Amino acid sequence: MSFGGGAGGGVADNERERGPGGPSLSGYLSKRGDKGIKTWKRRFFVLEYNEIAYYVDETRQNELGRIPLKGSTVPTSFTVGSQGEGYFQINTPLRIYYLVADTKSTMDKWTKACQKSIEMYHHRKNSLPPRTLLFSSSKASFSISR
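Now for a quick tour of the structure.

Here we take up the pattern of salt bridges. With the rule as written, the count across this model stands at 5 salt bridges. A salt bridge links Glu63 to Arg66; the shortest N-O distance between them is 2.9 Å. Classification of Glu63 by relative accessible area gives partly exposed; the value is 37%. The partly exposed category is assigned to Arg66, whose relative accessible area is 37%. Overlapping salt bridges, with partners in common, bring together Glu51, Glu63 and Arg66 in one network.

We now examine the packing of aromatic side chains. One pass over the structure, following the stated rule, counts 4 aromatic pairs. Here the aromatic rings of Tyr28 and Phe44 are separated by 5.2 Å at their centres, their planes lie at 70°, and the arrangement is edge-to-face. Of this pair, Tyr28 sits in strand β2 (residues 23-32) while Phe44 sits in strand β3 (residues 40-48), and the two are 16 residues apart along the sequence. Counting every residue linked through ring pairs, the aromatic cluster contains Phe45, Tyr54 and Trp110. Across the ring face of Tyr97, the terminal group of Arg95 is positioned such that the distance to the ring centre comes to 3.8 Å.

Core analysis: the largest hydrophobic core is formed by 19 residues, its most contacted members being Phe45, Ile52, Ile90 and Trp110. Secondary structure elements with two or more residues in this core: β2, β3, β4 (51-55), β7 (86-91), β8 (96-101) and α1 (104-126). Sort the elements by how many residues they give to this core and α1 lands first, with 5 residues. For Ile90, the residues in contact, after removing those within four places along its chain, are Ile52, Ile67, Leu69, Ser72, Thr73, Val74, Arg95, Ile96, Tyr97, Leu99 and Cys114. One finds Tyr28, Phe44, Val46 and Ala53 within the second-largest nonpolar core, a separate group that totals 5 residues.

Definitions and cut-offs
Residues numbered from 1 in each chain as written. Predicted model: local features only at pLDDT ≥ 70, side-chain atom pairs only at ≥ 80, totals over all residues. Heavy atoms only, no water. Salt bridge = Lys/Arg side-chain N within 4 Å of Asp/Glu carboxyl O. Buried < 20%, exposed > 50% of the residue type's maximum accessible area, 1.4 Å probe, protein only. Phe/Tyr/Trp six-rings, centres within 6.5 Å; stacked < 30°, edge-to-face > 60°. Helix = DSSP H or I, 4+ residues; strand = E, 2+ residues; numbered from the N terminus. Lys NZ or Arg CZ within 6 Å of the ring centre and 35° of its normal. Core = buried A, V, L, I, M, F, W, Y, C linked by side-chain atoms within 4.5 Å. Contact = heavy atoms within 4.5 Å.

Right, dumping it as structure tokens:
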């Protein structure tokens, strides 16, 4: 099974760190449909912060959907196809997304970036200091701590 390049003929993988927002990555992957006939469609994916948006192409003018990474897992098991393409999945609380990258190297970038984003969100969520809310009025004063 071959998944050739989109406009421009190649995979456009752009990766950079996003400071407190986590990793950022973009490029072409193929996604298996979840309705009716399960066909593979080539889409342009963008990972920013804690979700992945996917589009018809790199112009990002026609967003087709979003994959939330909050509460998701990216299994470390994967399959390499006969032409070197890398199959992987993202398990969200609501569904499983099946994806394929043109190469195992590209798949490794995506799985690592997704796992890092999930870990950063989990770490940030669990390291928040307790929040204290103070209420006061002429009749009563009290505080609530989280």
